[in-house]
Amino acid sequence: MEIYNSEQEQVDALKAWWDKNGRITIIAIAAVLLGVLGWKSWMQNQQQRAESASVQYQQMLDTIEANPAQAMELGRAIVGEYPGSSYAVFASLAMAKLAVEQKDFDAAAAHLTMSMDQAGEDAIKQMARLRLARVLQAQGKGDEALSLLAVEVSAGFRGNYDELRGDILLSQGQSAAAREAYSNALTGYSDAPEKKDLVQMKLDDLAESQPE
């Protein structure tokens, strides 16, 4: 480190440094300031968009029972204006429910596929996948539904997946495979007594229907 012998030497050294580096320093400081301002502006814009999406989603929920057609319109607007957002995913899930109620299974499948593909949380993905498999089952697309269910899921969904798998296999006449799926569902429903009892009833009915 240089040691200056007088204040004048320090002033002269500072001037020399400024002549050499002052322009670069100003540009660097300006760039940093612009970056900070740009980041703050972007964050404010994101916050405003999130607030706007939240308001629209709440409006959708408020009208979903009284005016399903308006709710669908609001849902489509949310998906169009805020693609990839959590609100778009939840709006698609809600629209899928409405579509199922209207027996429009093609539309329901499309909404659920979008939700499954764009959801950021595993729980939402797994829920959308399960609902999509149910829609495919309702469309008579059992093999597609079974393929969709053939994934690893968290413990909270394992019973639901196995039960639906059992239902589909049973509808296809695959009694032995259905029995195995229902047995697995009993394990998955260890913390859900009501669901466990329902699956046990299905197993009992299946046993009674089998010739001795």
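What counts as what
Residues numbered from 1 in each chain as written. Predicted model: local features only at pLDDT ≥ 70, side-chain atom pairs only at ≥ 80, totals over all residues. Heavy atoms only, no water. Salt bridge = Lys/Arg side-chain N within 4 Å of Asp/Glu carboxyl O. Helix = DSSP H or I, 4+ residues; strand = E, 2+ residues; numbered from the N terminus. Buried < 20%, exposed > 50% of the residue type's maximum accessible area, 1.4 Å probe, protein only. Expected span 1.5 Å × (residues − 1). Contact = heavy atoms within 4.5 Å. pLDDT = per-residue confidence, 0-100. Phe/Tyr/Trp six-rings, centres within 6.5 Å; stacked < 30°, edge-to-face > 60°. Core = buried A, V, L, I, M, F, W, Y, C linked by side-chain atoms within 4.5 Å. Axes fitted to C-alpha atoms, helices over the stretch in contact; angles between N-to-C directions. Parallel < 35°, antiparallel > 145°, perpendicular 65-115°, else oblique. Left-handed = near helix turned anticlockwise from the far one by under 90°. Nonpolar A, V, L, I, M, F, W, Y, C, P; charged D, E, K, R; others polar.

### Some points on the pattern of salt bridges
Once their charged atoms are close, side chains differing in charge can pair, the charge on each being opposite to the other.
Working step 1: Going through the model one piece at a time under the given rule, you end up with four salt bridges.
Working step 2: Between K97 and E101 there is a salt bridge whose closest N-O contact spans 2.7 Å. Residue K97 and its partner E101 are located together in helix α3 (residues 86-101), separated by four residues, close to a single helical turn. E101 shares its class with K97; the two are exposed.
Working step 3: Two residues, K202 and E163, come together in a salt bridge whose shortest N-O distance is 2.7 Å. Of this pair, K202 sits in helix α9 (residues 193-209) while E163 sits in helix α7 (residues 155-171); the two residues are 39 residues apart in sequence, bridging distant segments of the chain.

### Focus on helix α5 (residues 122-138)
Working step 1: An ideal rise of 1.5 Å per residue puts 24 Å on 17 residues; α5 measures up with 24 Å between its terminal C-alpha atoms.
Working step 2: For α5, the complete set of buried residues consists of I124, Q126, A128, L130, L132, A133, V135 and L136.
Working step 3: Considering only its buried residues, α5 is in contact with α3, α4 (105-118), α6 (142-149) and α7.
Working step 4: Positive backbone phi, at 80°, marks G140, one or two positions downstream of α5.

### Side note on the confidence of the model for the protein chain
Working step 1: Per-residue confidence for the protein chain averages 84 on the pLDDT scale, and 75% of its residues sit at or above 70.
Working step 2: Taking the mean pLDDT of every element in the protein chain, the minimum, 68, falls on helix α1 (residues 7-63) and the maximum, 95, on α6.

### Quick notes on the side chain of H111
Working step 1: Assignment of secondary structure puts H111 in helix α4.
Working step 2: The exposure class of H111 is buried, given its relative accessible area of 16%.
Working step 3: Setting aside residues up to four positions removed in sequence, H111 forms contacts with M72, S92, M95 and A96.

### Notes on the packing of aromatic side chains
Working step 1: Under the definition given, this model contains three aromatic pairs.
Working step 2: Between Y57 and Y87, the ring centres sit 6.0 Å apart and the planes meet at 55°, which makes this aromatic pair tilted. Taken together, the residues Y57 in helix α1 and Y87 in helix α3 connect sequence positions 30 residues apart.
Working step 3: A residue is classified by how much of its surface remains accessible, and Y57, at 17% relative accessible area, is buried.
Working step 4: Between the aromatic rings of Y57 and F90, the centroid separation amounts to 6.3 Å while the plane-to-plane angle is 40°, which identifies the pairing as tilted. One end of the pair, Y57, is in helix α1; the other, F90, is in helix α3, with 33 residues separating them in the sequence.
Working step 5: Ring pairing ties together the aromatic residues Y57, Y87 and F90, which thus form one cluster.

### Brief notes about the nonpolar core
Working step 1: Within the largest apolar cluster, 35 residues are counted, with the highest numbers of intra-cluster contacts made by L132 and L149.
Working step 2: Residue contributions to this core peak at seven residues, all from α5.
Working step 3: Every residue in contact with L132, bar those within four places of it in the chain, is listed here: A109, L112, T113, M116 and L148.
Working step 4: Formed by 13 residues, the second largest nonpolar core is a distinct cluster that contains M60, L74, I78 and L98.

### Some details on the packing of α3 against α5
Working step 1: Closest axis-to-axis distance for the α3/α5 pair is 12 Å, and the angle between their directions is 20°. The angle between the axes of α3 and α5 places the two elements in the roughly parallel class. As for how α3 packs across α5, the hand of that crossing is left-handed. Along its contact with α3, which presents V89, F90, L93 and V100, the element α5 presents I124, M127, A128, R131 and V135.
Working step 2: Its residues assigned to classes, the contact of α3 with α5 shows eight nonpolar, no polar and one charged.

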